[in-house]
Amino acid sequence: MIDIHSHILPGVDDGPADQDTALAMARMAVKDGITTMIATPHVEGPALAAQDIHDHVSRFNTLLQENDIRLNVVAGAEVAYHADLASLSGYCLHHGPFVLIELPHSHIPKGAGEFLYELKIKGYQPIIAHPERNRDVLTDPQLLLDLLDPHISIQLTAESVTGELGPHIQQCAHYLLRRQAVHFLASDAHGLKNRKPLLAKARKIAAKIIGKKAAAKLVEDNPAAVLNGKPLSCS
Ligand SMILES: [Fe+2]
């Protein structure tokens, strides 16, 4: 499986504070069946330069090899909706057109539709990170569905699907799966206890809702398409 959203780089953002924790997270991911992770540190402005992310990824891959951990990490970012950036170029997932966008947790901003449209016009393919955790979407999922089109996709957090983030969020995640609106399941891993680097359990639950083949698309086919810059298919 390929995990398109993770905070696994040690000491970079609110992920693991040290190398030992990051390595333990990598071992946990490999044991779960994850072969590739896109490291997506939070980006709110130019303080974390795209080149810095690439350098951190390169150093972490060396560390993984030195510790004989068979996980491949590639560079990406989780770009905040309000991020103050001259260009998103460099912050895309593995150099492709896909860009992971984090909307505010509290609401869907009024200009979100226009913002996503502008990204699309510029040639990006926005992926909305974990909308099932957004308070507006929890109240009315249609607000999210109205934002979608063939160039805008959705990533659910694995622990939303498993219920570890609460029943309300789980209900919303399952609703979006049933509506065939979801393109990715990702761990959004931050550590070893909360938002762990795991996908298998969420995949299994998703398979019960949408079928095995459709669930495989969320953790295998579509993430592979992201790595290769190819079109996606829905759940
Ligand atoms: Fe995240």
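Please read these numbers as outputs of a predicted model, since none were measured by experiment.

Rules used in this analysis
- Residues numbered from 1 in each chain as written.
- Predicted model: local features only at pLDDT ≥ 70, side-chain atom pairs only at ≥ 80, totals over all residues.
- Heavy atoms only, no water.
- Core = buried A, V, L, I, M, F, W, Y, C linked by side-chain atoms within 4.5 Å.
- Buried < 20%, exposed > 50% of the residue type's maximum accessible area, 1.4 Å probe, protein only.
- Helix = DSSP H or I, 4+ residues; strand = E, 2+ residues; numbered from the N terminus.
- Salt bridge = Lys/Arg side-chain N within 4 Å of Asp/Glu carboxyl O.
- Pairing = 2+ DSSP bridges.
- Axes fitted to C-alpha atoms, helices over the stretch in contact; angles between N-to-C directions.
- Contact = heavy atoms within 4.5 Å.
- Phe/Tyr/Trp six-rings, centres within 6.5 Å; stacked < 30°, edge-to-face > 60°.
- Polar contact = N/O pair within 3.5 Å; in protein donor to acceptor, adjacent residues only side chain to side chain.
- Donors = N, O, S within 2.8 Å, 3.2 Å for Na, K, Ca; no water.

Chemist: Help me understand the nonpolar core, please; the structure alone is not making it clear to me.
Modeler: Soluble, globular proteins show a tendency: their nonpolar side chains are buried together. Counting residues in hydrophobic clusters, the biggest one holds 66 residues, and the most contacted among them are Phe-60, Leu-71 and Leu-156. Broken down by element, the residue count for this core peaks at six residues, all from helix H2 (residues 50-66).

Chemist: Honestly, the pattern of salt bridges in this entry has me stumped. Any pointers?
Modeler: It is possible for side chains of opposite charge to pair when their charged atoms get near one another. The tally for this structure, following the rule as stated, stands at six salt bridges. In this structure, Asp-149 engages Lys-120 in a salt bridge whose closest nitrogen and oxygen atoms are separated by 2.3 Å. Of this pair, Asp-149 sits in the loop between helix H5 (142-145) and strand E8 (153-157) while Lys-120 sits in helix H3 (residues 112-121); the two residues are 29 residues apart in sequence, bridging distant segments of the chain. For Asp-149, a relative accessible area of 22% gives the class partly exposed. We classify Lys-120 as partly exposed; its relative accessible area is 23%. The salt bridge involving Glu-164 is made with Lys-196; its shortest N-O contact spans 3.0 Å. Here Lys-196 lies in the loop between strand E9 (184-186) and helix H8 (200-210) and Glu-164 lies in the loop between helix H6 (158-162) and helix H7 (167-178), a separation of 32 residues in the sequence.

Chemist: Help me out: how do you make sense of the sheet that holds strand E2 (residues 36-39) in this one?
Modeler: Neighbouring strands of a sheet are bound in pairs by backbone hydrogen bonds; such pairs are parallel or else antiparallel. Pairing within the open sheet is parallel, and its three strands lie in the order E1-E2-E4. The sheet is open, and its two borders are formed by strand E1 (2-6) and strand E4 (72-75), each paired with just one other strand. In this sheet, neighbouring strand axes are inclined to one another by 25° on average, regardless of whether the strands run parallel or antiparallel. Both E1 and E2 contribute to a ladder of three bridges, which runs parallel. Along E2, the bridge assignment pairs Ser-6 with Ala-39. Helix H9 (residues 212-228) rests against E1, E2 and E4 of the sheet, and its axis sits at about 70° to E1.

Chemist: Even after reading the chapter, I still don't get the packing of aromatic side chains, so can you show me in this structure?
Modeler: Centre-to-centre distance and the angle between the planes together describe a pair of aromatic rings. Counted by the stated rule, this structure contains one aromatic pair. Arranged with centres 4.7 Å apart and planes meeting at 70°, the rings of Tyr-81 and Phe-115 form a pair that is edge-to-face. Placement of the pair is Tyr-81 in the loop between strand E5 (78-80) and strand E6 (98-102) and Phe-115 in helix H3, with a sequence separation of 34 residues.

Chemist: Would you explain the environment of His-190 in this entry?
Modeler: Checked against the element boundaries, His-190 lands in the loop between E9 and H8. Accessibility expressed as a relative area gives 9% for His-190, which makes it buried. In the structure, His-190 is positioned 137 residues away from Ile-53 in sequence and 16 Å away in space, judged by C-alpha atoms. Those residues in contact with His-190 that sit more than four places away from it in its chain are His-7, Asp-14, Gly-15, Pro-16, Met-25, His-42 and Arg-195. At 2.8 Å, the side chain of His-190 forms a polar contact with the backbone oxygen of Asp-188.

Chemist: Help me understand the coordination of the iron ion in this model?
Modeler: The textbook angles at a metal center are 109.5 degrees for a tetrahedron of four donors and 90 or 180 degrees for an octahedron of six. Taken together, His-5 (NE2), His-7 (NE2), Glu-78 (OE) and Asp-188 (OD) make up the full set of protein donors to the iron ion, lying 2.1 to 2.2 Å away. Mapped onto the sequence, the residues coordinating the iron ion show the spacing H-x1-H-x70-E-x109-D. Here His-7, found in the loop between E1 and helix H1 (19-32), pairs with Glu-78, found in strand E5; they are 71 residues apart in sequence, far enough to count as distant. Using a relative accessible area of 1% as the deciding quantity, one classes His-7 as buried.

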